[in-house]
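Fold and geometry: a report
Below are the chains, spelled out letter by letter.
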Amino acid sequence: MRIVIAEDDLLLREGLALLLRAEGLDVVATAGTPGEALAAIDEHKPDVAILDVRMPPTHTDEGIVAAVEARRRRPDLAVLVLSAYVEQSFATDLLTGGVNGLGYLLKERVGRVEEFLDALHRVAAGGTAIDPEVVAQLFTRSHQDTRLDRLSPRERDVLALMAEGLGNTAVAERLVVTEGAVHKHIRSIFAKLDLSPTDRVDRRVAAVLRYLEDLRRPG
């Protein structure tokens, strides 16, 4: 796996590179600005780009803008964005451009090495990894949207774990239920969120995005 890291904090950037190299991964370049990151991606053509959300010059959304631009240039590029805080609008901006091979994690997750590496490999393989803290805040929204209110508490639990990128087996293990029960809950979620099996979309992804989209509605 070839990786480019973009992080303006030198210690975190070099520490992350050291961690990944120790795991046998190929960090082909590191960058401290969005411009340097895009140049490195163009030059080295990595499999994955890891980018900080807040980068120079304004330390607002430069990392998200760079991630979206990197994906525009190379649609097959896997991108894992790191943020110090839960910034739901940024997660939505990133994910609504297409969700395959995308991740959004809090920086504190890097310290949980096994979890971080699992998310990195999942994203590199074309999956999605959304930080559990982002998912948790989806449930603090107002009750304006009746589709979300249709879900039972258990269905919300299942969807939250789906949003983190977990497969059915992992969801079943986390909730201590059978895979058959998970399948049943997921079918119910799709029905309640009006996601038809004839839709030309991944319904698991669409269900998660429905939450992200609803989060942005005034309420």
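Basis of the calculations
Residues numbered from 1 in each chain as written. Predicted model: local features only at pLDDT ≥ 70, side-chain atom pairs only at ≥ 80, totals over all residues. Heavy atoms only, no water. Helix = DSSP H or I, 4+ residues; strand = E, 2+ residues; numbered from the N terminus. Contact = heavy atoms within 4.5 Å. Areas by Shrake-Rupley, 256 points an atom, 1.4 Å probe, with all protein chains shown as cover. Buried < 20%, exposed > 50% of the residue type's maximum accessible area, 1.4 Å probe, protein only. Lys, Arg positive; Asp, Glu negative; His and termini not counted. Salt bridge = Lys/Arg side-chain N within 4 Å of Asp/Glu carboxyl O. Polar contact = N/O pair within 3.5 Å; in protein donor to acceptor, adjacent residues only side chain to side chain.

As for the overall build of the protein chain
- Per the secondary structure count, the protein chain includes eleven helices and six strands.
- Considering only intrachain contacts with a sequence separation of at least 6, the fraction spanning at least 24 residues in the protein chain is 66%.
- Summed over its atoms, the accessible surface of the protein chain is roughly 10400 Å², and 52% of this surface lies on carbon and sulfur atoms.

Regarding the side chain of Arg 71
- By the secondary structure assignment, Arg 71 is in helix α3 (residues 62–73).
- Summary of buried charges: Arg 71 has no salt-bridge partner, and the nearest side chain of opposite charge, Asp 76, is 7.7 Å away.
- Within polar-contact distance, the side chain of Arg 71 engages the backbone oxygen of Gly 101 at 3.5 Å.

Observations regarding the pattern of salt bridges
- This model, assessed by the stated rule, comprises 14 salt bridges.
- A salt bridge links Asp 118 to Arg 122, with the nearest nitrogen and oxygen atoms 2.6 Å apart. Placement of both Asp 118 and Arg 122 in helix α5 (residues 113–124) is noted, with a separation of four residues, approximately one turn of the helix.
- Overall, Asp 118 belongs to the partly exposed group, its relative accessible area being 42%.
- Residue Arg 122 is classed as buried on the basis of its relative accessible area of 19%.
- Where Arg 154 meets Asp 157, a salt bridge forms, and the shortest distance between an N and an O atom there is 3.8 Å. Taken together, the residues Arg 154 and Asp 157, both in helix α8 (residues 153–163) and three residues apart, mark about one turn of the helix.
- For Asp 157, a relative accessible area of 35% translates into the label partly exposed.
- Bridged by salt links that share partners, the residues Asp 42, Glu 69, Arg 72 and Arg 73 form one connected network.

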